[in-house]
Amino acid sequence: MDLSQNVRAVQEQIAAAARAAGRDPAQVTLCAATKVQTDDTIRAAIAAGIRVCGENRVQELTAHWTAGAYAGAEVHFIGHLQTNKVRQVVGRAALIHSVDSERLLRAIDGQAEKLGIVQDILLEVNIAREESKGGCRPEDLPALAQLALGAPHIRLRGLMAIPPISSISGANRKYFSEMRNLFVDITKKMSDNQSIMDCLSMGMSADFEDAIAEGATLVRVGTALFGPRPPLGTLR
């Protein structure tokens, strides 16, 4: 695997997709999904131009953080977050993508208060209403957004979604379109927060070009950068 070549290829695909949609490529952030990667692989990705790493598991984030593997980049938490692990993520993750309940939101706000910081978050939406996935229902989003705006140690930056896995090209564009509409609607309703609502996180290795066409400002890419995930095991 030539990681540097993969990074360049994905960056070029992102830029081409943005231009095809009449957008500035600089409007789209590449988040490297570093799940099950080693410290050395993460360092190599950062050396190749990655500026945002996304972690799915608290244990891995903590281990890589302790090892200094993220030096030169910021880390986002993009996986399911349990309330009892909030203290290990708040203050380390520049952005938490997966806030989907009042309970989790309040836990993050409380931990951020203890640290004396304001934690940036995204609200995760279960746009396809899949039983197996996290995320709030679309109809519950306005109320959760209002709660986020009322939390003094949380800054609501936008929305995140993980559409169904599909091998059919273009199958998820309808979900990406729905997310874009939700994003625009919520932004309009949050008139006191418009300058902050700037992130629509959607699209992964198989469909990030479609997501960009529908307005994604951040795409989470793993396999296209690192190849098939290695088996679970040592982090180093």
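S.K.: Explain the pattern of salt bridges to me, using residue names and the numbers behind them.
M.R.: Applying the stated criterion across every chain, the model contains 11 salt bridges. In this structure, Arg155 and Asp120 form a salt bridge, with 2.6 Å as the shortest nitrogen-oxygen distance. Residue Arg155 is found in strand β6 (residues 154-161), and its partner Asp120 is found in strand β5 (residues 119-125); the two are separated by 35 residues along the sequence. For Arg155, a relative accessible area of 33% puts it in the partly exposed group. The partner of Lys133 in a salt bridge is Glu130, with the nearest N and O atoms 3.0 Å apart. We classify Lys133 as partly exposed; its relative accessible area is 24%. Shared partners join several salt bridges into a network, and the residues in it are Asp120, Arg155, Arg157 and Asp198.

S.K.: Could you give me a rundown of helix α4 (residues 102-115), with the residues and numbers involved?
M.R.: The end-to-end C-alpha distance of α4 is 20 Å, a good match for the 20 Å that 14 residues give at a rise of 1.5 Å each. Residues Leu104, Leu105, Ile108, Asp109, Gln111 and Ala112 constitute the buried set of α4. Burial along α4 is one-sided: seen end-on, the buried residues are contained in an arc of 170°. Facing away from the buried side of α4, by more than 90 degrees, are the exposed residues Arg103 and Lys114. Residues of α4 that are buried in the fold lie against β4 (95-99), β5, α5 (141-150) and β6. Count one or two residues on from α4 and you reach Gly116, which has phi positive near 70°.

S.K.: How would you sum up the packing of α5 against helix α6 (residues 173-189)? Please name residues and give values.
M.R.: The interhelical angle for the contact between α5 and α6, taken along N-to-C directions, is 45°, at an axis separation of 11 Å. Between α5 and α6, the angle is such that the two are oblique. Viewed along their axes, α5 and α6 form a crossing whose handedness is right-handed. Touching Leu141, Pro142 and Ala145 of α5 are Leu182, Ile186 and Lys189, all from α6. Along the lines of polarity and charge, the residues of the contact of α5 with α6 split into five nonpolar, no polar and one charged.

S.K.: Summarise unusual backbone geometry; cite the residues concerned and give the values.
M.R.: Although it is not a glycine, Val36 sits at a positive phi angle of roughly 65°. Mapped onto the elements, Val36 comes out in the loop between β1 (29-33) and α2 (39-47). Overall, the relative accessible area of 9% leaves Val36 in the buried class. The residue Arg129 is not glycine, and still its phi comes out positive at about 55°. Within the secondary structure layout, Arg129 lies in the loop between β5 and α5.

S.K.: An account of the state of the cysteines is requested, with residue identities and associated values reported.
M.R.: All told, the structure shown has zero disulfides when counted by the stated rule. Considering cysteine sulfurs only, Cys31 is the nearest to Cys53, which forms no disulfide, with 7.3 Å between them. Its sulfur unpaired, Cys199 is 9.2 Å from the next cysteine sulfur, which belongs to Cys31. Assessed through its relative accessible area of 4%, Cys199 is described here as buried.

S.K.: Just give me the short version of the pairing of strand β8 (residues 218-221), but keep the residues and values in it.
M.R.: Residues Leu218 and Arg220 line one face of β8 and the alternating positions Val219 and Val221 line the opposite face, and both faces are buried. Sheet analysis places β1 next to β8, joined by four bridges and oriented parallel. Pairing of Cys31 across the sheet is with Arg220, part of β8.

Analysis parameters
- Residues numbered from 1 in each chain as written.
- Predicted model: local features only at pLDDT ≥ 70, side-chain atom pairs only at ≥ 80, totals over all residues.
- Heavy atoms only, no water.
- Salt bridge = Lys/Arg side-chain N within 4 Å of Asp/Glu carboxyl O.
- Helix = DSSP H or I, 4+ residues; strand = E, 2+ residues; numbered from the N terminus.
- Buried < 20%, exposed > 50% of the residue type's maximum accessible area, 1.4 Å probe, protein only.
- Expected span 1.5 Å × (residues − 1).
- Arc of directions from axis to C-beta.
- Contact = heavy atoms within 4.5 Å.
- Axes fitted to C-alpha atoms, helices over the stretch in contact; angles between N-to-C directions.
- Parallel < 35°, antiparallel > 145°, perpendicular 65-115°, else oblique.
- Left-handed = near helix turned anticlockwise from the far one by under 90°.
- Nonpolar A, V, L, I, M, F, W, Y, C, P; charged D, E, K, R; others polar.
- Disulfide = S-S within 2.5 Å.
- Pairing = 2+ DSSP bridges.

So far we have only geometry, and geometry alone does not tell us how the molecule works.
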